[in-house]
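Chain by chain, the residues run as shown.
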Amino acid sequence: MAHLGSRRGRALALPVGLALTASLGFLPSGAASAAELSDAPAAAAVATNGPKLSYVVNVEGGRWTAASVRKAIAAAGGEVVISYDQIGVIVVHSQNPEFAKTIRQARGVVSAGSTRTAPLSVQSDDSVDEGAQTLTAAEAKAAAANATDAQDPLEPLQWDLPAIKADKAHEKTLGSKRVTVAVIDTGVDDTHPDLAPNFDVAASANCVTGKPDTTAGSWRPNPGESDHGTHVAGTIAAAKNGIGITGVAPGVKVSGIKVSTPDGFFYTEAVVCGFMWAAEQGVEITNNSYYTDPWMFACKTDEDQKALIEAVTRATRYAERKGTVNVAAAGNSKFDLAADSIVDNSSPNDTTPGDRVIDPKECFDYPAMLPGVVTVSATGAKDLKASYSNYGLGVIDIAAPGGDRTEYQTPDAPAVNGRILSTTVNGGYNYKAGTSMASPHAAGVLALIKSTHPYASPAALKALLYAQADDRACTNPYDINGDGTVDAVCEGGKDKNGFYGAGLIDALDAVK
């Protein structure tokens, strides 16, 4: 089961919650020839006694339309949930155990696969433990006493803001209300007093089923569900309003697109819906602090998994064509994503995981490893790669503060915790660490760049983000816990390397 707080990422336990993300790559689409395929599966008795599963069916362009494929889906025992005709992705439910195999033979189908290995009806009674650390009353009181007139009361505890010069950037601008960052995550509690002033209701929705639900409040986490998305949202755009904390871009808008089940699973159909909803609402930036379940790495050598990669790839590319920059967390497993092989012992995480050796050039943690997506690694309070952060030359695009164990990277006073302080549900605040916390820092800086350059394209925004980053040379030898053993090896030069990509984000340069 994929819990926030497990090795997966919504959040890691440091013991603070580290959000896991997936990074992924993209697969070539190759349709079988028409001579091999029929318009619909051959007429035969269709089994309906299997577990009810969700599927994505990816359709080719040209003369074979989604409409014709829908007939084949019905004949194969499938029920269409929604069809994203803009990208040729159809979300389907079926109890036919042979549905995927059958529909792949239909004319016009490029790929198809089940988005999960557990039935739709399966739920967990396990509690979610993200390992967050509480902000104590004493810490809050001391912070308020140290705050200047220009700071919100808890801002002295936010070592991450001066680390990227966001405090200096705020002297110039807080960002534009015309810019919205969508938090594609576990939901956002927009009633929080630090989020309510900047919340964009019109760009918010619940996408858990794969079909957007805009019912008021549907984007919020339900009682007992994870506060992960609320924490992420605060890092991006908590208002500078004399209470609580300050976001990286406290003048921009933030929206919530809920894509995780009550048990914390981020399935493909929900993720596709999230990107499509953001794109159609004209959102400028999306933040993605998760990986897509149930595979930490989805492999394009597997018929089911390659369909999942294809569907999300199409959605992210569509969003970028519509003007959206997509930002994603690199993951919290200490993996070298540029290695020849990686041992993944956590997939599939919704049933029974098993050990498998994967090639990260063929198997992707997605959306982070998809083409065009900004992949963010995490640093701690001493500007070193965080102990848990994934890395990899040519995979990591940029670095941002994600926090680390305080004993590994201790912040300068008056900050007291090496993790990231941000908003939680019910009007509160807590500390978390993870690449899930790094990604929203990068999304916030991109929001400041977009505020400064309102007509810049996604490609131009990304180019500015990388060009303005502060170079960080490789940290070798890297022994983050000081036990005499090298914990990771950084490859590359000062301008671009596996730990920090193009460098550490710079909020001040973003507003110049």
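Residues numbered from 1 in each chain as written. Predicted model: local features only at pLDDT ≥ 70, side-chain atom pairs only at ≥ 80, totals over all residues. Heavy atoms only, no water.

A. Region of the structure containing the packing of aromatic side chains. Summed over all chains, the structure comprises 8 aromatic pairs. Consider the rings of Phe266 and Tyr290, whose centres lie 4.8 Å apart with planes at 10°: the pair is stacked. Of the two residues, Phe266 is situated in the loop between strand 8 (253-258) and helix 7 (268-280) and Tyr290 in the loop between strand 9 (285-288) and strand 10 (298-299); the sequence distance between them amounts to 24 residues. Given the relative accessible area of 0%, Phe266 is considered buried. (Phe/Tyr/Trp six-rings, centres within 6.5 Å; stacked < 30°, edge-to-face > 60°. Helix = DSSP H or I, 4+ residues; strand = E, 2+ residues; numbered from the N terminus. Buried < 20%, exposed > 50% of the residue type's maximum accessible area, 1.4 Å probe, protein only.)

B. Structural detail: the pattern of salt bridges. Across all of its chains, the model carries 19 salt bridges by this definition. Its salt-bridge partner being Lys240, residue Glu155 comes within 2.9 Å of it at the nearest N-O pair. Here Glu155 is found in the loop between helix 3 (137-146) and helix 4 (160-163), whereas its partner Lys240 is found in the loop between helix 6 (228-237) and strand 8, with 85 residues between them in sequence. In this structure Glu155 comes out as buried when scored by relative accessible area, which is 5%. In this structure Lys240 comes out as partly exposed when scored by relative accessible area, which is 29%. (Salt bridge = Lys/Arg side-chain N within 4 Å of Asp/Glu carboxyl O.)

C. Looking closely at the pairing of strand 3 (residues 89-94). Within strand 3, 6 of the 6 residues are buried, which leaves it mostly tucked inside the rest of the structure. Residues Val89, Val91 and His93 point to one face of strand 3 and Ile90, Val92 and Ser94 to the other, with burial holding for every one of them. Across 6 bridges, the pairing between strand 1 (residues 53-59) and strand 3 is antiparallel. Counted as the bridge partner of Val57 is Ile90 from strand 3. Where strand 2 (residues 78-84) meets strand 3, 6 bridges bridge the pair, whose relative direction is antiparallel. When the sheet's bridge partners are listed, Glu79 is paired in strand 3 with His93. In this antiparallel pair of consecutive strands, strand 2 and strand 3, the connection spans 4 residues, and Gly88 shows a positive phi of 70°. (Pairing = 2+ DSSP bridges.)

D. Structural context of the side chain of Thr435. Relative to the elements of secondary structure, Thr435 occurs in helix 9 (residues 435-452). Taking relative accessible area as the criterion, Thr435 reaches 0% and is therefore assigned buried.

E. Examining the state of the cysteines more closely. In total, this model carries 3 disulfides according to the counting rule given. The disulfide that involves Cys474 links it to Cys490, with 2.1 Å between the sulfurs. Judged by the sign of its S-S torsion, about -65°, the cystine formed by Cys474 and Cys490 is left-handed. Here the residue Cys474 occupies a position in the loop between helix 10 (458-468) and helix 11 (507-510), and Cys490 occupies one in the loop between helix 10 and helix 11, the gap between them amounting to 16 residues. The class of Cys474 is partly exposed, set by a relative accessible area of 23%. The cystine pairing of the protein chain, numbering bonded cysteines in sequence order, is 1-2, 3-4, 5-6. (Disulfide = S-S within 2.5 Å.)

In short, shape yes, function no, at least from these values alone.
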